[in-house]
Amino acid sequence: MLDTLQQKIETLIAPIAEDFQYELVDLEIKSEGGGSVLRIFIDKPGGITLDDCVAMSREVGAILEIEDPIKSGYRLEVSSPGLDRPLKKPADFEKFSGSKVKLKSHNLIDPDERGHLRKTFTGTLLGLDADRVKIEQDDKHGGVVMIPLDEISTANLVEEF
């Protein structure tokens, strides 16, 4: 049911993000502190400002008030995806090619067929090859690995300082 609710909310707010020329990066609905929180993550070239978050919050709040997809009380939060931006869509893996990433898989996998079963992979994102994410590992395993998109549970950028 949560996926359906998230899809409904995304359908309602995606046109708003598009009108503002923001990218709707992600949204999540979570129970926190005895209530629910709807978090919306937006981005744009050059980054998101506080004014951007306020403008998006006003518009989203108005449409959610009218459509009322969340039947219980909730708190709305709009923010930037942060330095550890999640990679969700296939296009994200192309857009951020050359960036440092950390991926976690749903299951233990051996993407380089060297007998190293694991769930966590870090390195430089090399983009997509068909339906597989290509990474040049920077850990003790080294080498290039190909991880099927449908096997990825989480993927985030890793900020370098």
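Everything below is about the structure printed above this text.
Given the structure is predicted, the values throughout are model-derived calculations rather than measurements. (Residues numbered from 1 in each chain as written. Predicted model: local features only at pLDDT ≥ 70, side-chain atom pairs only at ≥ 80, totals over all residues. Heavy atoms only, no water.)

**Q** How do you make sense of the environment of Lys 104 when you look at a structure like this?
**A** Its location among the elements puts Lys 104 in strand β4 (residues 100-109). Residue class for Lys 104 comes out partly exposed when judged on its relative accessible area of 36%. In sequence terms Lys 104 and Arg 75 are 29 residues apart; their C-alpha atoms lie 29 Å from each other. With residues near it in sequence (within four places) discarded, Lys 104 still touches Lys 119, Thr 120, Glu 151, Ile 152, Ser 153 and Thr 154. (Helix = DSSP H or I, 4+ residues; strand = E, 2+ residues; numbered from the N terminus. Buried < 20%, exposed > 50% of the residue type's maximum accessible area, 1.4 Å probe, protein only. Contact = heavy atoms within 4.5 Å.)

**Q** For this particular structure, what's the right way to read unusual backbone geometry?
**A** A positive phi is found at Gln 21, a non-glycine position, where the angle reads about 65 degrees. When its relative accessible area of 66% is taken as the criterion, Gln 21 is described as exposed. Phi at Asp 68 is positive, roughly 50 degrees, even though this residue is not glycine. Looking at the secondary structure, you find Asp 68 in the loop between α2 (50-67) and β3 (74-79).

**Q** I'm lost on the nonpolar core in this one. Help?
**A** Looking at soluble globular proteins, one finds that nonpolar side chains tend to be buried together. Residues Ile 9, Ile 13, Leu 38, Ile 40, Ile 42, Met 56 and Val 60 are the most contacted members of the largest nonpolar core, which totals 20 residues. Elements with a minimum of two residues in this core: α1 (2-19), β1 (23-32), β2 (35-43) and α2. With six residues, α1 is the largest single contributor of residues to this core. Leaving out residues up to four positions away in the same chain, Ile 13 has contacts with Leu 24, Leu 27, Ile 40, Met 56, Val 60 and Ile 63. Ranked by size, the runner-up nonpolar core spans 15 residues in total, among them Val 101, Leu 103, Ile 135 and Ile 147. (Core = buried A, V, L, I, M, F, W, Y, C linked by side-chain atoms within 4.5 Å.)

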